[in-house]
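What the coordinates show
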Amino acid sequence: MSRKKIVAGNWKMNMTPTEAVALVNELKPLVANDEVDVVFCVPAIDIIPAMKAAEGTNINIGAENMYYEEKGAYTGEISPAMLVDAGVKYVIIGHSERREYFAETDETVNKKVLKAFEHDITPIICCGESLTQREQGITIDWIRQQIKIAFLNVTKEQAKKAVIAYEPIWAIGTGKVATTEQAQEVCAAIRVCIGEIYDEATAAEIRIQYGGSVSGASAPELFAQPDIDGGLVGGASLKPDFGKIVNYNK
């Protein structure tokens, strides 16, 4: 079956609301491609202005994080209901930076994934290994553990709608890119893992992105791989080059 490619930009902690509107307006014509789902995951304060700027285009505005409680005394957190009310359809969950700097664990990732599905928000679930883990030959074991815990108690129907982003930590913002073979090998292993948790039909439907220094130059070869269904793009999502990544097929 053919899975629709999904290219998501992760803006990280960049762009004021004013800058966000300007960037959306600049990228609008460059990312027009109905064959690809296009998502800009932006800082919480930018969601509403970016949503207004993207109205009437093929751009979906997503969030970079979300808390797993409905509401309450969680100063500084954003609830799923807030995202839904703002029109958000996608949320990045478990990015390696959140795991490293904000003590997120496989268990909190799982709680957030379940909560996102409860509210009909598509989670972009991040997984990836460090350079040490790759050098010690435990990449696949490590990622299988991240995936298995992330999908705990997630139904088959929910799982089919999920997006998984494989991002080798050693390739994020470093300019180092995993070789096409390395990226395909891990994305294929993730699909096998989903097949073991659920079944082959579910594994065939789920979309798996590669992330880590993706560029307009590397996208066509990466996205041509049988198990790579798009990209989660960091730095390049803030530049015109993002248009080349989205239009990799033209």
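Above: the structure in question.
Residues numbered from 1 in each chain as written. Predicted model: local features only at pLDDT ≥ 70, side-chain atom pairs only at ≥ 80, totals over all residues. Heavy atoms only, no water.

Describing the overall build of the protein chain
Across its full length, the protein chain carries twelve helices and eight strands. Taking 2.2 N^0.38 as the reference for a compact globule, 250 residues should give roughly 18 Å; the C-alpha atoms of the protein chain span a radius of gyration of 17 Å, in line with that estimate. For the protein chain, the spread of C-alpha atoms along the three principal axes comes to 45 × 45 × 35 Å. Contacts in the protein chain between residues at least 24 apart in sequence constitute 74% of all its contacts with a sequence separation of at least 6. Carbon and sulfur atoms form 54% of the exposed surface of the protein chain, whose accessible area is close to 11100 Å². Positive and negative side-chain charges in the protein chain, numbering 25 and 34 respectively, have mean positions lying 2 Å apart. (Helix = DSSP H or I, 4+ residues; strand = E, 2+ residues; numbered from the N terminus. Rg over C-alpha atoms; globule rule 2.2 N^0.38 Å. Contact = heavy atoms within 4.5 Å. Areas by Shrake-Rupley, 256 points an atom, 1.4 Å probe, with all protein chains shown as cover. Lys, Arg positive; Asp, Glu negative; His and termini not counted. Charge placed at Lys NZ, Arg CZ, Asp CG, Glu CD.)

Description of the nonpolar core
Counting 64 residues, the largest nonpolar core has Phe40, Phe151 and Phe242 as its most contacted members. If one sorts the elements of this core by residue count, helix α9 (residues 180-197) sits on top with six residues. (Core = buried A, V, L, I, M, F, W, Y, C linked by side-chain atoms within 4.5 Å. Buried < 20%, exposed > 50% of the residue type's maximum accessible area, 1.4 Å probe, protein only.)

Considering the environment of Asn65
Mapped onto the elements, Asn65 comes out in the loop between β3 (59-63) and α3 (80-86). Setting aside its immediate chain neighbours within four residues, Asn65 contacts Glu77, Leu83, Val91, Ile92, Arg98, Glu104 and Lys112. At 2.8 Å, the side chain of Asn65 and the side chain of Lys112 are in polar contact. (Polar contact = N/O pair within 3.5 Å; in protein donor to acceptor, adjacent residues only side chain to side chain.)

So, the pairing of strand β5 (residues 122-127)
Among the six residues that make up β5, six are buried, leaving the element largely enclosed by the rest of the structure. Side-chain alternation along β5 places Thr122, Ile124 and Cys126 on one buried face and Pro123, Ile125 and Cys127 on a second face that is also buried. Two elements, strand β4 (residues 90-93) and β5, share four bridges in a ladder whose sense is parallel. Counted as the bridge partner of Val91 is Pro123 from β5. (Pairing = 2+ DSSP bridges.)

Some details on helix α2 (residues 47-54)
Residues Ile47, Ala50, Ala53 and Ala54 constitute the buried set of α2. Here the buried residues of α2 occupy an arc of 130° about the axis, which is enough to place them on one side. Buried residues along α2 sit in contact with α1 (17-27), β2 (36-42), β3 and α3. In the stretch just after α2, Gly56 is the one whose phi turns positive, near 80°. (Arc of directions from axis to C-beta.)

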